[in-house]
Amino acid sequence: MSTLIKNCRLLIKGKLFAKNILIKNGKIAKITNKEPKAEKVIDAKSNFVLPGLIDAHVHFREPGMTHKEDFLSGSMAAAKGGITTILDMPNTIPPTTTLDALEEKRRLAAKSIVNYGFNFGSTTENISDIKKAKNIAAVKLYMSYTTGDLIIRDFEAISDIFKASRTTIVHAEDDFVRDAVEILIKNKIRNHVHFAHVSSEKELQYAKSNKIKKQISVEVTPHHLFMDSKDLQSLGAFAEMKPGLKTERDQKALWEGIANGNVDTIASDHAPHLKEEKEKANYPFGVPGVETMLPLLLDAFNNKKLDLSAIQKLCCENPAKIFRIKNKGFLKEGYDADLVIADLEKRQAVRNDDLLTKCKWSPFEGKILKGWPVMTIINGNLVYDDGEIFDVKAKEVQYAR
Ligand code: DOR
Ligand code: ZN
């Protein structure tokens, strides 16, 4: 099967060029000025074409909480948002902390229409399973409060987990970021640590002002970039997540981190909960995000807050590099044909009714954004086209050794 995507505008060394992309058997066969013959032709209409986004932090809730989301609904929402690969988090029911739970999740994820990978959960007792777990992106370690019951506070246990896994994603808030860095330094651990959803100036400083910053990466979320604690007044529980929204000054520090390279990735931390659940007195923490992440970033581009190369680096290239995902994150010949066509001029409001996530709400509802994905192609297949989803199953990602 071959497809030609013609009239693309894509970034080459930071500049936009008009090119055509030939896809053969799910891979990028050629990026060219010519118009090679193909069985199918898609006209990108001179829109911006970027590699499909790799969202390294989603909670698709399966198994155990499929009333909130599942791999099909979550992946449909992701595809609509221009995300072509997700890495799922382990705080499901049961948690992904055993080899059996990982295999079960692998079986369930086969219904996903975006490519997928798994983060394995850590406990104080599962080091041997961490070492045996096959084809995982990273090990997730919770040092701070979260949905589920996976907190580890014991420094020795944390050190053992860092030692056992090539990459650990840490949910650490405030001083716990410093503690995690100190554990690495003190025990001379050389493995990689990725700090999830860094939300404050202080956390960013702890993560990046140290002598081992090369083995540390920092992720920020769209909600911390585009909302701050003042939004709690109007949104209440619908703007409550862990870590919580911070001050304008903290938000500014995250944007500075993007500008100076201290922030490595942006991930949605898509954490859907139903409206009814959010309306309860003891509401759960988390907000959905896969459908709004790219539009928010493209809108920020239109507002001159960041450039297209930065979006591509933070959402495609760097996640592929950090998690060593094979053949993804770049528009390159031989790479997987995962790509997004984005209309940078399209202006549209975020509307709850349009959302494909099962929770059907967004903290950004009503916000008019300029810049939207209009087509998403995954493994060479058209999966999202202007409001329409095509249920073509995707694949589990592979990692370089
Ligand atoms: O807000 C959050 N929601 N933070 C977390 O750490 C977990 C997530 C969830 O699973 O709902
Ligand atoms: Zn999360």
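Please refer to the structure higher up on the page.
Definitions and cut-offs
Residues numbered from 1 in each chain as written. Chains lettered and ligands numbered in written order. Predicted model: local features only at pLDDT ≥ 70, side-chain atom pairs only at ≥ 80, totals over all residues. Heavy atoms only, no water. Axes fitted to C-alpha atoms, helices over the stretch in contact; angles between N-to-C directions. Helix = DSSP H or I, 4+ residues; strand = E, 2+ residues; numbered from the N terminus. Parallel < 35°, antiparallel > 145°, perpendicular 65-115°, else oblique. Left-handed = near helix turned anticlockwise from the far one by under 90°. Contact = heavy atoms within 4.5 Å. Nonpolar A, V, L, I, M, F, W, Y, C, P; charged D, E, K, R; others polar. Buried < 20%, exposed > 50% of the residue type's maximum accessible area, 1.4 Å probe, protein only. Polar contact = N/O pair within 3.5 Å; in protein donor to acceptor, adjacent residues only side chain to side chain. Patch = residues over 30% accessible without salt bridge, like charges linked within 9 Å, V, L, I, M, F, W, Y side chains within 5 Å. Areas by Shrake-Rupley, 256 points an atom, 1.4 Å probe, with all protein chains shown as cover. Salt bridge = Lys/Arg side-chain N within 4 Å of Asp/Glu carboxyl O. Lys, Arg positive; Asp, Glu negative; His and termini not counted. Charge placed at Lys NZ, Arg CZ, Asp CG, Glu CD. Right-handed = clockwise from strand over helix to strand, strands pointing away. Pairing = 2+ DSSP bridges. Core = buried A, V, L, I, M, F, W, Y, C linked by side-chain atoms within 4.5 Å. Arc of directions from axis to C-beta.

**With respect to the packing of helix H4 (residues 155-164) against helix H5 (residues 175-186)**
- Between H4 and H5, whose axes approach to 10 Å, the crossing angle comes to 65 degrees. Classified by the interaxial angle, the pair formed by H4 and H5 is roughly perpendicular. With respect to the hand of their crossing, H4 and H5 are arranged in right-handed fashion. Contact with H4, carried on its side by Phe155, Ile158, Ser159 and Phe162, involves Asp179, Ala180, Ile183 and Leu184 of H5 and no other residues of that element.
- Here the residues of the contact of H4 with H5 sort into six nonpolar, one polar and one charged.

**Quick notes on helix H1 (residues 71-80)**
- Among the 10 residues in H1, eight count as buried, and that is most of the element.
- Where H1 is buried, its residues meet strand S7 (83-88), helix H2 (99-108), strand S8 (115-121), strand S15 (368-378), strand S16 (381-385) and strand S17 (388-389).
- Capping of H1 at its N-terminal end is provided by aspartate 70; its side-chain oxygen lies 2.8 Å from the backbone amide nitrogen of leucine 72.
- Among the residues trailing H1, glycine 82 stands out with phi positive, at a value near 85 degrees.

**Things to note about the environment of threonine 123**
- Relative to the elements of secondary structure, threonine 123 occurs in the loop between S8 and helix H3 (127-132).
- Counting along the chain gives 55 residues from threonine 123 to arginine 178, while the straight-line C-alpha distance between them is 21 Å.
- The contacts of threonine 123, once residues within four sequence positions are left out, are Thr97, Leu150, Ile152 and Ile161.
- Of note is the side chain of threonine 123, whose polar atom sits 3.0 Å from the backbone nitrogen of glutamate 125.

**Examining a positive patch on the surface**
- A cluster of basic residues, Arg166, Arg324, Lys326 and Arg401, forms a positive patch at the surface.
- Topologically, arginine 324 is positioned in the loop between helix H12 (308-322) and strand S14 (339-349).

**A word on the side chain of aspartate 299**
- Mapped onto the fold, aspartate 299 is located in helix H11 (residues 293-302).
- In this structure, aspartate 299 is buried with no salt-bridge partner, the nearest side chain bearing the opposite charge being lysine 367 at 5.4 Å.
- When near neighbours in sequence (up to four residues on either side) are disregarded, aspartate 299 contacts Ile368, Leu369 and Lys370.

**Some points on the pairing of strand S11 (residues 192-195)**
- Residues of S11 alternate between two faces, with His192 and His194 on one and Val193 and Phe195 on the opposite face, all of them buried.
- What joins strand S10 (residues 167-171) to S11 is H5, and the crossover it makes is right-handed.
- Sheet topology note: the S11/strand S12 (residues 216-220) ladder contains three bridges and is parallel. Across the sheet, histidine 194 pairs through a bridge with serine 217, a residue of S12.
- Each parallel crossover has a hand, and the one from S11 via helix H6 (residues 201-208) to S12 is right-handed.

**Some points on the sheet that holds S7**
- Taken together, the eight strands give an open sheet; going across it, the order is S6-S7-S8-S9-S10-S11-S12-S13, and neighbouring strands pair in parallel fashion. Strands at the two margins of the open sheet, each flanked by one partner only, are strand S6 (53-58) and strand S13 (265-266).
- Pairing between S8 and strand S9 (residues 138-142): three bridges, direction parallel. The residue bridging phenylalanine 120 from the neighbouring strand is valine 139, located in S9.
- Each of S6, S7 and S13 touches H11; the most contacted strand, S6, lies at about 120 degrees to it.

**Let's talk about the nonpolar core**
- Counting 90 residues, the largest nonpolar core has Leu53, Ile86, Phe162, Phe195, Ile266 and Ile311 as its most contacted members.
- Setting aside chain neighbours within four positions, we find isoleucine 311 in contact with Leu50, Leu294, Leu297, Leu298, Phe301, Leu306 and Cys316.
- Counting residues in hydrophobic clusters, the runner-up holds 17 residues, among them Cys8, Leu331, Ile377 and Leu382.

**Some thoughts on H6**
- Glu203, Leu204, Ala207 and Lys208 are the residues of H6 that are buried. One side of H6 carries all its buried residues, which in axial view fall inside an arc of 110 degrees.
- In this fold, the buried residues of H6 make contact with H5, S11, S12 and helix H9 (248-260).

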